[in-house]
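Overview (structure and organization)
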Amino acid sequence: MISCNRTKLLHYQDEETKKRYHAVGQVIEVLYGNRFQFANQSALKIAQERGIRRHLLFGCLLLWQAGLIDKPLIEERDALAANGMVNWMVEHHVQALKVEEPSINPRDGYAGCPDAKILYGEKRMVCIPDLKTGGKAEAHAIQVQAYNKLDGYTDAMLLMDLYIDDEGTVTESLVTPNPHDWAWFLSGLGVLKGRNGRGIK
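Everything in this summary refers to the structure shown in the same document. These numbers were taken from a predicted model, which means no experiment stands behind them. (Residues numbered from 1 in each chain as written. Predicted model: local features only at pLDDT ≥ 70, side-chain atom pairs only at ≥ 80, totals over all residues. Heavy atoms only, no water.)

**What about the nonpolar core?**
The condition is simple: To qualify as a nonpolar core, a set must consist of buried Ala, Val, Leu, Ile, Met, Phe, Trp, Tyr and Cys residues joined through side-chain atoms within 4.5 Å. Buried residues are those whose accessible area, probed at 1.4 Å on protein chains only, stays under 20% of the maximum for their type, while exposed residues exceed 50% and partly exposed ones sit between those limits. Numbering of helices and strands runs from the N terminus, with a helix taken as a DSSP run of H or I at least four residues long and a strand as a DSSP run of E at least two residues long. The contact criterion used throughout is that any non-hydrogen atoms of two residues lie within 4.5 Å.
Grouped together as the largest cluster of nonpolar side chains are 23 residues, with contacts concentrated most on V24, Y110 and F185. At five residues, the largest contribution of residues to this core is made by helix α4 (residues 138-147). In this structure, V24 is in contact with Y110, A111, G112, Q143, A146, Y147 and F185, ignoring residues within four places of it in sequence. Formed by 21 residues, the second largest nonpolar core is a distinct cluster that contains M89, A116, L131 and L162.

Set out below in structure tokens:
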């Protein structure tokens, strides 16, 4: 079992070995620090709350589509986005394989929690869709590639950033694994490990 506690210096822990790991998100913050430095703090808080709600909703809708739970209650403010998610799932014959299941990359020493792993399209391609509720950013492609290196997710043949707006419009942004992106991610991870080894927070 992999647990997450974001108050710890290393967010994830393998409960069997007790070893702790930095999170994908922590590495992204090293690579793209102060991304929201000049954002209006009130608007940023609203955006963060919306992102949390809709990530939860996305996971619940995937489980509902799979017949594993009852249809979730949907707030009016999220109704259009929810309709967009469901329409996308139906259009692409989406079948959930994993939903919000954390994992580790023991070789490189980090952990993360992808939104999902699914079967996608008529060809039933294994896909990692990374839900986004804001604008596009370079960091998003790095993040989903890092998820693809986690145990249990390496078989994904399709990576995508999945953007869903307030009107329910769904935009897929396919991500092609890039060795330069991967080197960039590992450099950030190395910085985090170096700071940890020297007691620098």
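**With respect to the packing of α4 against helix α5 (residues 179-197)**
Definition in use: In this description, a line fitted to the C-alpha atoms serves as the axis of each element, helices being fitted only across the stretch in contact, and the angle between N-to-C directions of two axes falls anywhere from 0 to 180 degrees. Note on terminology: angles under 35 degrees are roughly parallel, angles over 145 are roughly antiparallel, angles of 65 to 115 are roughly perpendicular, and the others are oblique. Side-chain classes follow a simple rule in which Ala, Val, Leu, Ile, Met, Phe, Trp, Tyr, Cys and Pro form the nonpolar group, Asp, Glu, Lys and Arg form the charged group, and the remainder, Gly included, forms the polar group.
Packing of α4 against α5 brings their axes to within 10 Å, and their N-to-C directions diverge by 85 degrees. What the angle tells us is that α4 and α5 run roughly perpendicular. Where α4 approaches α5, its residues I142, Q145 and A146 are matched on the opposing element by D181, W182, W184 and F185. Of the residues that constitute the contact of α4 with α5, the class distribution is five nonpolar, one polar and one charged.

**What about the packing of aromatic side chains?**
Filter applied, for reference: The pairing test for Phe, Tyr and Trp rings, Trp by its six-membered ring, is centres within 6.5 Å, and the orientation test on the planes gives stacked under 30 degrees, edge-to-face over 60, and tilted for anything in between. Look at NZ for Lys and CZ for Arg. If either is within 6 Å of the ring centre and within 35 degrees of the ring normal, a charge sits over the ring.
The tally for this structure, following the rule as stated, stands at six aromatic pairs. Between the aromatic rings of Y32 and W184, the centroid separation amounts to 6.3 Å while the plane-to-plane angle is 85 degrees, which identifies the pairing as edge-to-face. Of this pair, Y32 sits in the loop between α1 (24-31) and α2 (41-65) while W184 sits in helix α5, placing them 152 residues apart in sequence. Overall, the relative accessible area of 15% leaves Y32 in the buried class. Summarising the aromatic geometry, the rings of W88 and Y120 are spaced 6.1 Å apart at their centres and angled 40 degrees between planes, so their arrangement reads as tilted. Here W88, found in helix α3 (residues 79-91), pairs with Y120, found in strand β7 (residues 116-120); they are 32 residues apart in sequence, far enough to count as distant. With respect to burial, W88 and Y120 carry one shared label: buried. Connected via pairs of aromatic rings, a cluster forms that spans F58, W88 and Y120. Geometry around Y153 places K117 over its ring, the cationic atom sitting 5.9 Å from the centre. The aromatic ring of W182 is capped on one face by K149, whose charged end is 4.9 Å from the ring centroid.

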